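Listed below are the residues making up each chain.
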Amino acid sequence: MTLTIAVIGAGKVGSALARALQISGCDIAAVFSRRRSCAERLAQEVGATVTNCAAEAAALADVVLLATPDAVIADVAEELRSAGCLREGQSVLHMAGALGGEPLASLAGGPASLGCLHPLQTFAGGEAKEAFQNVFFAIDGDPEACACAGRLVEMLDGRAFQLPETERSRYHAAACMVSNYLVVLVQWAVRRYGEFGLAEADALPALLPLIRGTVLNLQRVGTEKALTGPISRGDAATVAAHLAVLPDGLEREIYQVLGRGALAPLVEKQRLTTDVCKEIAGLLENQRRI
């Protein structure tokens, strides 16, 4: 039986998921977004109806995907409750990685099953099914909602795992550091390259092969063996040279904090001599230069 889907929120994530599910054989029955132009654009892509409110969209589907900003989910849930538009057999799934079931609390005890479906992926706009393949999805909620979420993940060629509500902040914080803060680190590197005359238009392409190589190393040999660079080989002189050109402030502190993170497993597994570890650790202490 073909699943009918209502997508509430036509931003990057909601749009990517709608396109992917439509390619996977679902019927995207309705789209609603507070920015009607976004809803109309997505609806045209996936053959959906644009509705005037979230409740109208929800009434047309088996599965209601709330892809709105996190702060709006509870308001949309209250709208659905007030409208009385939900029915037995429906599932309402929000897509907020950091939130558990609390934004859907106003719908508890109602006819629809409730849950969370979060893809561990980043979206810049324009993605479709390929962006979800082999992606892990964190799911939680009522048994019926989890079963529905699992079915969607299977259709997308992803991998579902159960994430307890109590662990969502820990899960989301780690994802944020890996994805969002990687971008911050690259921005920092691009600025540093600009200081010796390499324009941003060239600096980013210069760094991307290094980033891709790091990701490939992670895929090939895992986190422990993928670590390269001066700390991994005990090169205290190079670490000192790096710190000598970094001004006091946030970027120097970031270098030192991440450096201590790189050093810790090497100390634990005795990959470097005690003297080298102490020398590098001393360099990485968060102290301002005098």
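In this text, all values refer to a predicted model and were calculated from it rather than measured experimentally.

What counts, and where the lines are drawn
Residues numbered from 1 in each chain as written. Predicted model: local features only at pLDDT ≥ 70, side-chain atom pairs only at ≥ 80, totals over all residues. Heavy atoms only, no water. Axes fitted to C-alpha atoms, helices over the stretch in contact; angles between N-to-C directions. Helix = DSSP H or I, 4+ residues; strand = E, 2+ residues; numbered from the N terminus. Parallel < 35°, antiparallel > 145°, perpendicular 65-115°, else oblique. Left-handed = near helix turned anticlockwise from the far one by under 90°. Contact = heavy atoms within 4.5 Å. Nonpolar A, V, L, I, M, F, W, Y, C, P; charged D, E, K, R; others polar. Core = buried A, V, L, I, M, F, W, Y, C linked by side-chain atoms within 4.5 Å. Buried < 20%, exposed > 50% of the residue type's maximum accessible area, 1.4 Å probe, protein only. Phe/Tyr/Trp six-rings, centres within 6.5 Å; stacked < 30°, edge-to-face > 60°.

Engineer: How would you sum up the packing of helix α9 (residues 250-268) against helix α10 (residues 274-283)? Please name residues and give values.
Structural biologist: Between α9 and α10, the least distance of the axes is 10 Å, while the angle of their chain directions is 165 degrees. What the angle tells us is that α9 and α10 run roughly antiparallel. For α9 against α10, the interelement crossing comes out left-handed. Contacts from Q256, L263 and V267 of α9 reach α10 at C277, I280, A281 and L283. When grouped by side-chain class, the residues that make up the contact of α9 with α10 number six nonpolar, one polar and no charged.

Engineer: Account for the nonpolar core, naming residues and giving values.
Structural biologist: I5 and L152 are the most contacted members of the largest nonpolar core, which totals 37 residues. Secondary structure elements with two or more residues in this core: β1 (4-8), α1 (12-23), β2 (27-32), α2 (36-46), β4 (63-66), β7 (136-141) and α5 (143-155). Here this core gets six residues from one element, more than from any other, and that element is α5. With 24 residues, the next largest nonpolar core counts A30, A58, A77 and V92 among its residues.

Engineer: Residues and numbers for the packing of aromatic side chains, please.
Structural biologist: Across all of its chains, the model carries five aromatic pairs by this definition. Ring centres 6.0 Å apart and planes at 20 degrees place the aromatic pair F132 and F137 in the stacked group. Judged by its relative accessible area of 0%, F137 falls in the buried class. Clustering of aromatic rings is evident, with ring pairs tying together F123, F132 and F137.

The values are spatial; any link to function lies outside them.
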